[in-house]
Amino acid sequence: MLIIAVVQDQDVNRLLAKLMEKGYSATKLASTGGFLRRGNTTLLIGVKQEGVPEVIAIIKEVCRTRKQVVTPVTVGDQALNTYIPTPVEVEVGGATVFTVKVESFEKI
Ligand code: 2BA
């Protein structure tokens, strides 16, 4: 099976560490979301059928959505003193996961 997971950049290192710890292999691709046009990361994870639930559980655990307070940048003009950075709460995390059957697999 091939699990294709589109995840947020900030979750990737923890996700890869956890996958490697459990003995799964993965390939990390830099990707860009079509809607927001922002960088995200796509992982290709080749796994035996019986490993799928565990991999999905790891993705759920690491990439769960949570709130984060961020301070937006470059709004207004700092020189004119009109820039007042106001922290806003945004939702981060989550993943888009596709699981597909692999017709053949060989390492050459
Ligand atoms: P999510 O639905 O969590 O999607 C996160 C990223 O996962 C997407 O980034 C895209 O890179 C990938 N993705 C999601 N669904 C996919 C699919 N069916 N096929 C291939 N890749 C897929 P973005 O496209 O930049 O979207 C970021 C977030 O913007 C989405 O989060 C969703 O909350 C929102 N969004 C996306 N398209 C939208 C639309 N047409 N209208 C309103 N909101 C949209």
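Everything below is about the structure shown above.
Now for a quick tour of the structure. None of the values given here were measured: they were computed from a predicted structure. (Residues numbered from 1 in each chain as written. Predicted model: local features only at pLDDT ≥ 70, side-chain atom pairs only at ≥ 80, totals over all residues. Heavy atoms only, no water.)

Quick notes on the overall build of the protein
Within the protein one finds 2 helices and 6 strands. In the protein, the succession of helices and strands from N to C terminus is β-α-β-β-α-β-β-β. Taking all 108 residues of the protein together, the buried fraction comes to 26%. Residue pairs at least 24 apart in sequence account for 65% of intrachain contacts in the protein once pairs closer than 6 positions are excluded. Summing over all exposed atoms, the protein offers an accessible surface of approximately 7900 Å²; the carbon and sulfur share of this is 54%. (Helix = DSSP H or I, 4+ residues; strand = E, 2+ residues; numbered from the N terminus. Buried < 20%, exposed > 50% of the residue type's maximum accessible area, 1.4 Å probe, protein only. Contact = heavy atoms within 4.5 Å. Areas by Shrake-Rupley, 256 points an atom, 1.4 Å probe, with all protein chains shown as cover.)

Topic: the site of the ligand
Residues in close proximity to the ligand include V6, G33, G34, F35, L36, N40, T96 and F98, which together make up its full environment. Between an oxygen atom of the ligand and a main-chain N or O atom of L36, the distance comes to 2.9 Å. Here N40 contributes a side-chain N or O atom positioned 3.0 Å from an oxygen atom of the ligand. When isolated, the ligand has an accessible area of 750 Å², and the protein chains bury 39% of it. Partitioned by chemical class, the residues of the shell around the ligand number 4 nonpolar, 4 polar and no charged. (Near = heavy atom within 4 Å. Polar contact = N/O pair within 3.5 Å; in protein donor to acceptor, adjacent residues only side chain to side chain. Nonpolar A, V, L, I, M, F, W, Y, C, P; charged D, E, K, R; others polar.)

Regarding the pairing of strand β2 (residues 27–32)
As paired strands, β2 and strand β3 (residues 39–46) are joined by 6 bridges and run antiparallel to one another. Of the residues in β3, the one forming a bridge with S31 is N40. In this antiparallel pair of consecutive strands, β2 and β3, the connection spans 6 residues, and R37 shows a positive phi of 55°. (Pairing = 2+ DSSP bridges.)

As for unusual backbone geometry
The phi torsion at R37 lies on the positive side, around 55°, for a residue other than glycine. Structurally, the position occupied by R37 is in the loop between β2 and β3. Residue classification places R37 among the exposed residues on the basis of a relative accessible area of 66%.

Some details on helix α2 (residues 52–62)
Taken residue by residue, α2 has V52, V55, I58, I59 and V62 as its buried positions. When α2 is viewed along its axis, its buried side chains cluster within an angular range of 130° and face the same direction. Opposite the packed face of α2, turned more than 90 degrees from it, sit the exposed residues P53 and K60. Here the buried face of α2 lies against β1 (2–7), α1 (9–21), β3, β4 (66–70) and β6 (95–100). (Arc of directions from axis to C-beta.)

Quick look at the environment of I59
One can find I59 in helix α2. Along the primary structure I59 and A95 are separated by 36 residues, whereas in three dimensions their C-alpha atoms are 7.5 Å apart. Not counting residues up to four positions away in its chain, the partners in contact with I59 are I3, A5, L15, I45, R64, A95 and V97.

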